[in-house]
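# Report on the structure
Spelled out from the first residue to the last, the chains are:
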Amino acid sequence: MLGSRYARVALFLAAVVAVQLLAHAAEKPFFLTQLTMAAYYTLVAAGLSLLMGYAGQISLGHAAFFAIGGYASGYLTTVDLTARREGPLVAVLARLHVLVPHADLYGGEALSFHPWAAFAVAVVLTLAVAWLIGVPVLKLKGHYLAMATLGFGTIVYSILLASESLGAADGLGSVPPFPLLPGISVGGGRAARVANYYVAWGLVALALLVLSSLVESRVGRALRAIHGAEDAAASMGVDVARYKLKTFVLSAVLAAVGGSFLTHFNAGIGPAEAGVMKSVRYVAIVAVGGMGSLWGTVATSAVLTFLSLRGYFGTLDDAVFGAVLIAVMLFSPDGVLRFDPRGALRTARDRLRGSGVAG
Amino acid sequence: MLRLRNVDAGYGALTVLRRVSLHVNPGEIVTIVGANGAGKTTLLRTVAGLVRARGGELVFAGAAVTRLRTERIVALGCSLVPEGRQVFAPMEVRENLLLGAHVQYARGRKDEVARDLERVYGLFPVLAQRARQLAGTLSGGEQQMLAIGRALMARPKLVMLDEPSMGLAPLVVKDIFGIVKRISEEGTTVLLVEQNARSALQIATRGYVLETGRIVLQGTAEELLSNRDVQRAYLGSDLDAENRVAT
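First, a word on what this report is: a plain description of the structure on this page.

Scoring rules and cut-offs
- Residues numbered from 1 in each chain as written.
- Chains lettered and ligands numbered in written order.
- Predicted model: local features only at pLDDT ≥ 70, side-chain atom pairs only at ≥ 80, totals over all residues.
- Heavy atoms only, no water.
- Helix = DSSP H or I, 4+ residues; strand = E, 2+ residues; numbered from the N terminus.
- Rg over C-alpha atoms; globule rule 2.2 N^0.38 Å.
- Buried < 20%, exposed > 50% of the residue type's maximum accessible area, 1.4 Å probe, protein only.
- Contact = heavy atoms within 4.5 Å.
- Lys, Arg positive; Asp, Glu negative; His and termini not counted.
- Charge placed at Lys NZ, Arg CZ, Asp CG, Glu CD.
- Areas by Shrake-Rupley, 256 points an atom, 1.4 Å probe, with all protein chains shown as cover.
- Phe/Tyr/Trp six-rings, centres within 6.5 Å; stacked < 30°, edge-to-face > 60°.
- Lys NZ or Arg CZ within 6 Å of the ring centre and 35° of its normal.
- Pairing = 2+ DSSP bridges.
- Axes fitted to C-alpha atoms, helices over the stretch in contact; angles between N-to-C directions.
- Buried area = accessible area lost by both parts, 1.4 Å probe.
- Salt bridge = Lys/Arg side-chain N within 4 Å of Asp/Glu carboxyl O.
- Polar contact = N/O pair within 3.5 Å; in protein donor to acceptor, adjacent residues only side chain to side chain.
- Nonpolar A, V, L, I, M, F, W, Y, C, P; charged D, E, K, R; others polar.
- Left-handed = near helix turned anticlockwise from the far one by under 90°.
- Expected span 1.5 Å × (residues − 1).
- Bend = angle between axes of the 7 residues up to and from the residue.

Turning our eyes to something else, we now look at the overall build of chain A. Regarding its fold elements, chain A presents 14 helices and four strands. Relative to the globule expectation of 21 Å for 359 residues, the C-alpha radius of gyration of chain A, 21 Å, shows essentially globular dimensions. In terms of its C-alpha atoms, chain A occupies a principal-axis envelope of roughly 70 × 50 × 45 Å. Across the 359 residues in chain A, those meeting the buried criterion constitute 50%. Sequence separation of 24 or more characterises 76% of the internal contacts of chain A that already satisfy a separation of 6 or more. For chain A, the distance from the average position of its 25 positive side-chain charges to the average position of its 17 negative side-chain charges is 10 Å.

In this section: the overall build of chain B. For chain B, the count of helices and strands is twelve helices and ten strands. Here the C-alpha radius of gyration of chain B, 18 Å, is about what a compact globule of 247 residues would show, namely 18 Å. On the principal axes, the C-alpha backbone points of chain B span a range of 65 × 40 × 35 Å. Across the 247 residues in chain B, those meeting the buried criterion constitute 53%. Taking the intrachain contacts of chain B between residues at least 6 apart in sequence as the baseline, contacts between residues at least 24 apart amount to 67%. Element-wise, carbon and sulfur atoms account for 49% of the exposed surface of chain B, whose accessible area totals about 10,700 Å². Distance between charge centroids for chain B: 6 Å, based on 32 positive and 25 negative side chains.

With respect to the secondary-structure elements, valine 90 of chain A resides in helix H4 (residues 88-95). Setting aside residues no more than four positions away along its own chain, valine 90 of chain A makes contact with Leu81, Arg84, Arg85, Leu99 and Leu111 of chain A.

Okay, the packing of aromatic side chains next. Geometrically, a pair of aromatic rings is defined through the distance of the ring centres and the angle of the planes. Residues and elements named next belong to chain A. Within this structure, the stated rule accounts for 16 aromatic pairs over all chains. Ring centres 5.2 Å apart and planes at 75° place the aromatic pair phenylalanine 31 and phenylalanine 306 in the edge-to-face group. Residue phenylalanine 31 is found in helix H2 (residues 31-54), and its partner phenylalanine 306 is found in helix H12 (residues 294-309); the two are separated by 275 residues along the sequence. Considered together, phenylalanine 31 and phenylalanine 306 belong to a single accessibility category, that of buried residues. Relative to phenylalanine 119, the ring of tryptophan 116 has its centre 5.9 Å away and its plane inclined at 85°; by these criteria the two rings are edge-to-face. On the criterion of helical spacing, the pair formed by tryptophan 116 and phenylalanine 119 is a turn pair, its members being three residues apart in helix H5 (residues 115-137). By relative accessible area, which is 39% here, tryptophan 116 ends up partly exposed. The structure contains a cluster of three or more aromatic residues connected by ring pairs, namely Tyr40, Trp116, Phe119, Phe178 and Phe261. Taking the ring centre of tyrosine 6 as reference, the NZ or CZ of arginine 5 above it sits at 5.9 Å.

A separate point is the sheet that holds strand E5 (residues 63-64) of chain B. Neighbouring strands of a sheet are bound in pairs by backbone hydrogen bonds; such pairs are parallel or else antiparallel. Residues and elements named next belong to chain B. The strand order across the open sheet built from four strands is E2-E1-E4-E5, with neighbouring strands paired in antiparallel fashion. The sheet is open, and its two borders are formed by strand E2 (14-24) and E5, each paired with just one other strand. Packing against the sheet, helix H1 (residues 40-48) makes contact with strand E1 (2-11), E2 and strand E4 (53-60), and its axis sits at approximately 110° to E1.

What follows is about the interface of chain A and chain B. If you look at the interface, chain A gives 18 residues, while chain B gives 20 residues. Interface area, chain A with chain B, both sides summed: about 1,700 Å², of which 60% is carbon and sulfur. Along the contact surface separating chain A from chain B lie three salt bridges. One salt bridge connects arginine 224 of chain A with glutamate 95 of chain B, and the closest N-O pair in it is separated by 3.0 Å. Applying the counting rule to chain A against chain B returns four residue pairs in polar contact (both at pLDDT 80 or more). When contributions to the side of chain A that touches chain B are tallied by element, the ones reaching two or more residues are helix H8 (218-228), helix H9 (230-235) and helix H10 (240-266) of chain A. Looking at the side of chain A that touches chain B, its residues break down into eleven nonpolar, two polar and five charged.

With that out of the way, let us pick up the sheet that holds strand E3 (residues 29-33) of chain B. Residues and elements named next belong to chain B. In space, the six strands of this open sheet follow the order E6-E7-E8-E3-E9-E10, with mixed pairing throughout. In this open sheet, the two edge strands, each paired with only one partner strand, are strand E6 (78-81) and strand E10 (214-220). Across this sheet, the average inter-strand angle for adjacent strands is 15°, counted without regard to direction. Summarising the sheet, strand E9 (residues 206-211) and E10 pair through six bridges and their orientation is antiparallel. Looking at the pairing, glycine 207 lines up with glycine 219 of E10. Sheet contacts for helix H8 (residues 170-185): E3, strand E7 (158-162) and strand E8 (189-194); angle to E8, the most-contacted strand, approximately 155°.

The subject of this paragraph is the packing of helix H3 (residues 62-78) of chain A against H5 of chain A. Residue and element names in this part refer to chain A. Where H3 meets H5, the closest approach of the two axes is 8 Å, and the angle between their N-to-C directions is 145°. Where H3 crosses over H5, the handedness of that crossing is right-handed. Between H3 and H5, the residues in contact are Phe65, Ile68, Gly69, Ala72, Ser73, Leu76 and Thr77 and Pro115, Ala118, Phe119, Val121, Ala122, Leu125, Thr126, Val129 and Ala130, respectively. Of the residues contributing to the contact of H3 with H5, the split by class is twelve nonpolar, four polar and no charged.

To continue, consider the side chain of threonine 189 of chain B. Within the secondary structure, threonine 189 of chain B is located in strand E8. On the accessibility criterion, threonine 189 of chain B (1% relative accessible area) is buried.

Glancing now at H2 of chain A. All names here are of chain A. Between its first and last C-alpha atoms H2 spans 32 Å; for 24 residues at 1.5 Å apiece the expected length is 34 Å, and the two agree. Its maximal kink placed at leucine 48, H2 deviates by approximately 30°. The buried fraction of H2 is high, at 23 of 24 residues. Immediately beyond the C-terminal end of H2, within one or two residues, lies glycine 56, with a positive phi of roughly 75°.

Notably, glutamate 27 of chain A is not glycine yet its phi reads approximately 55°, a positive angle. A relative accessible area of 65% places glutamate 27 of chain A in the exposed class. Even without being a glycine, arginine 85 of chain B presents a positive backbone phi close to 70°. For arginine 85 of chain B, a relative accessible area of 12% puts it in the buried group.

Don't take any of this as a statement about function, it's just geometry.
Written out as structure tokens, the structure is:
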């Protein structure tokens, strides 16, 4: 299994390179912009695939974690602390280079958090929020869990929309690029397009490596057992509550990383990123990719998100994802990549007749 | 090994177990017989920590386990083979068995897992043949063997079996009870819940009779097998025939 995992990641990276060369050959380098954005949304889907597909816990609130990551990074790298320069905490942080001076919108100088510091805060904040939400919410199952996470997402959306300091309905703008490594930063316009593309998909590859090694270990076995029957899993000595919580937190942090990077890449973020339809979209992608298929989810996310960002679905954008979700549930509940045409017709017929529970 | 003192348990407004006291000594096979709905499954689920005891106390291997969570109790060495087997159908037979060894990894005894796997395959050769098959495709008897093997992978001191004969053909039931006896001989203590009282008492050292949540009778297996009330209620003796002999 070990060999095949690295082989798969290598294959995945080869596909990433092929797509870049293809875009170059087709003289459509601007495709890379949407592909880069799609990569960051794919991080959310990959984490959600672990939570939904393996551990069997639904979340209709993952857009909120994405937004928390993005807003934390966006806010901390744009907030101006010059006025509080004399305060002891601000002074210490400035000396530690956690706070760095940079040019603000009007050419003056502003003192804000370094993107790395902001990123660290974004991750820790998301971790804490996911933990606090997860402890009570993960005691719920099925529809109740879906509703509770939906409620959480709605609350985050409302808070973002109502917060003047977070730009209310406009969101945050002028977020500086994220200097990831010397010479490579996330964001920074057209010239950095190719580099950004590779950074984004490299991050996805890294996430895939971690997630697939997780699902192929005893942790993955435990998660699938929890998915099957929680009591039976507990009877195996699996700490069900802890595993569910850790998976929830991990998937939330992955979403926040995606949110943080995309905010730097786009130089801004708006409250729509926390919207319920976004959360539904992630769930739809995981369902299409196949519950319990990490690779299927990533492929589906890359394609659907790219098409959506390119505007191919037009005003029907949200409707497409809704329709896709319905179609998958009817015809191929195991996901499109495991599509079996004959079985699908039978399942769909049974379901339409209302006797498809056993399927 | 295991001691219950005045244990009450139930679900919601329903009280199922009323002041149940019993004990299991190391090396014994203790069976609990009783009719449908007497509370046998609830009793095992309470010991396993899947149902909370509302009163009384449970002691396992010298430790108070009344308030412990299931996974802690398993880690202490008390494993349940649940009613209806509950194998993980979409997972391979081998994966099911490795899941059983979950606590072994947590104990840092990972190196023993491979040997335990061989031991289980030795006990149940059919599982070795079907190692890569999905557990959901096994027959009922094979699933029961898998459920028992899975429990053994945790190296339990006490294994609790809930209705292992349920839904199985008589010949298969005989095999299963043979295996239970063998597990006991190899040093694992057994608590066996059965509706099939005769088979259970034939391999047991002692037994308890559970009626509507209370222990109404206890004794050695021979005593219970020869007890007339037990014979009438649980062993299917013909009452009319007895009366004819008596008069």
